[in-house]
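# Structural features, examined
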Amino acid sequence: MRRDPRPHPGVGPVKVLIEADGGSRGNPGPAGYGAVVLDPTTREVLAERAEGIGVATNNVAEYRGLIAGLRAAADLGADTVEVRMDSKLVVEQMSGRWKVKHPAMQPLAQEARALAKHFTAITYTWIPRERNKHADRLANEAMDTQAGEPQRKKPEPQNRVSPARWSGAQGAPTKLLLLRHGQTPMSVDRRYSGRGDVPLTALGQTQAEAAARRIAKLDGIDADTPIIASPLTRAKQTAEALATETGGTVETHPGLLETDFGDWEGLTFTEAAERDPALHSRWLSDTSIPAPNGESFDAVHHRVRKTRDELLLRYADRTLVIVSHVTPIKSLLRMGLDVGPSLLFRLHLDLASLSIVEFYPDGNASVRLVNDISHLS
């Protein structure tokens, strides 16, 4: 799709805003991108680009969206550009802060940089998905056109190299050790604890240290093992206990935040049900429904999937520790098992529990451990 309200290149404003996005139904799967060029002052739509690109990954689609947006801005004669995307990977790579290591991304990044050189000035800004709705809508419309097309059949695996031989997975996996944070005052009272920033209790710190000693003894864990944590204090304290054991460092990532429970934050299950009985009942059966002024489980799953894809690119073939919360960890296990959202309501995760999932470069996965708390006994 191509839409340019200003029909003649070169008559647009000197400065423009590009918002771009891309996605894949299956990663890889039917994919598409969307990009919109806006007047930064009035937010008038100057150009739109959207296209289905066949079978591709989320990251490929996101780069294609960026490239389409840059081309549209150049067609309009812009010389100063601000790019806004909800892909932290693309923003950080194009800003030069992260290396482009994945072979599939390198030519796309080179193409985007070549286009960027035509502008006098260009900046890249990360924005939350909810602030990128226009481009997200265009990308989803493009994906919808792809979803009905037959997907390419994967070749039969040859010379399989995998501990999970039954799955047919090929290549060396990226292993994620998923550690839930230790006890907090909110978990003692079984209250909804999302974005509220509460510390560990004394018992929670003891649980974190026990989990850290367990993980530090596992094969492949050393000072160079990446430790990625939610920015919330309870997760960072748990991650820091592991860093103390291994000599490593802790990095935080906003994609690993717990669900935003909105107005239910700090309430018990019963209190939330009494406050909003109809909504609470629907929320328990429909993952697209958010808590009041909060976030839906579907939104969390989308956020965590993007975070996973980013981490798999950055740490391909490596082992890393993810220190997070119930919903993000369940979402990662759900991706590993390739199951629906009912898992969120049927799987229990204890405090300071360890789960392990491996993701393979061919798209396969293997869940190897769930909710292990043997280190707490």
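Just so it is clear, the structure is predicted and the values come from calculations on it, not from any experiment.

Counting residues in each nonpolar core, the largest one holds 40 residues, and the members touching the most others are Ile18, Val37, Tyr63, Leu66, Leu70, Val81 and Val83. Here the element with the most residues in this core is helix H1 (residues 58-75); it accounts for 9 residues. Other than its neighbours up to four places away in sequence, Val81 contacts Val16, Ile18, Ala73, Phe119, Ala121, Ile122 and Thr123.

What follows covers the packing of helix H6 (residues 202-216) against helix H7 (residues 233-246). Running from N to C, H6 and H7 cross one another at 40°; their axes reach a closest spacing of 8 Å. Taken together, the axis directions place H6 and H7 in an arrangement best described as oblique. By crossing handedness, the relation of H6 to H7 is classed as right-handed. Contacts from Gln205, Ala208, Glu209, Ala212, Arg213, Ile215 and Ala216 in H6 reach Gln237, Thr238, Ala241, Leu242, Glu245 and Thr246 in H7. Residue composition of the contact of H6 with H7, grouped by class: 6 nonpolar, 4 polar and 3 charged.

Between the first and last C-alpha of H1 there are 26 Å, a value that for 18 residues agrees with the 26 Å anticipated at 1.5 Å per step. Counting buried residues along H1, 14 of its 18 residues qualify, which places the element largely inside the surrounding structure. Phi turns positive one or two residues past the end of H1, at Gly77, with a value near 80°.

Pairing in this open sheet of 6 strands is mixed, and the strands run E9-E8-E10-E7-E11-E12 from one edge to the other. Either end of the sheet is taken by a strand with one partner, and the two such strands are strand E9 (250-252) and strand E12 (365-372). The average undirected angle you get between the axes of adjacent strands in this sheet is 20°. Bridge count for strand E8 (residues 227-229) against strand E10 (residues 319-324) is 3 bridges, and the pairing is parallel. Note that in E10 the partner of Ala229 across the bridge is Val323. H6 contacts strand E7 (174-180), E10, strand E11 (354-359) and E12 of the sheet and is inclined by roughly 160° relative to E7. Strands in contact with H7 are E7, E8, E9 and E10; relative to E8, the strand with the most contacts, it is inclined by about 170°.

The rules behind these values
Each chain carries its own residue numbering, running from 1 in the direction its sequence is written. In keeping with the predicted nature of the model, local features appear solely for residues at pLDDT of at least 70, side-chain atom pairs appear and are counted solely at 80 or more, and the whole-chain, interface and lining totals rest on all residues. As a convention, hydrogens and water are excluded, and side-chain values are obtained from all of the structure's heavy atoms. We define a nonpolar core as any set of buried Ala, Val, Leu, Ile, Met, Phe, Trp, Tyr and Cys residues linked to one another through side-chain atoms lying within 4.5 Å. Burial here depends on accessible area, computed with a 1.4 Å probe over protein chains only, as a share of the maximum for the residue type. Under 20% is buried, over 50% is exposed, and the range in between is partly exposed. Helix and strand definitions here come from DSSP, where helices need a minimum of 4 consecutive H or I residues and strands a minimum of 2 consecutive E residues; each element is numbered from the N-terminal end. Only heavy atoms enter the contact rule, under which two residues are in contact if any of them lie within 4.5 Å. Between the N-to-C directions of two axes lies an angle of 0 to 180 degrees, each axis being a line fitted to C-alpha atoms and, for a helix, fitted only over the stretch in contact. Roughly parallel means an angle under 35 degrees; roughly antiparallel means over 145; roughly perpendicular covers 65 to 115; every other angle is labelled oblique. Left-handed is the label given to a crossing in which the near helix is rotated counterclockwise from the far helix by less than a right angle, and right-handed is the label when the rotation is clockwise. Each residue is assigned to one class: nonpolar for Ala, Val, Leu, Ile, Met, Phe, Trp, Tyr, Cys and Pro, charged for Asp, Glu, Lys and Arg, and polar for all the others, Gly among them. By this rule, a helix spans an expected 1.5 Å times one less than how many residues it contains. Whether two strands pair comes down to DSSP finding at least two bridges between them.

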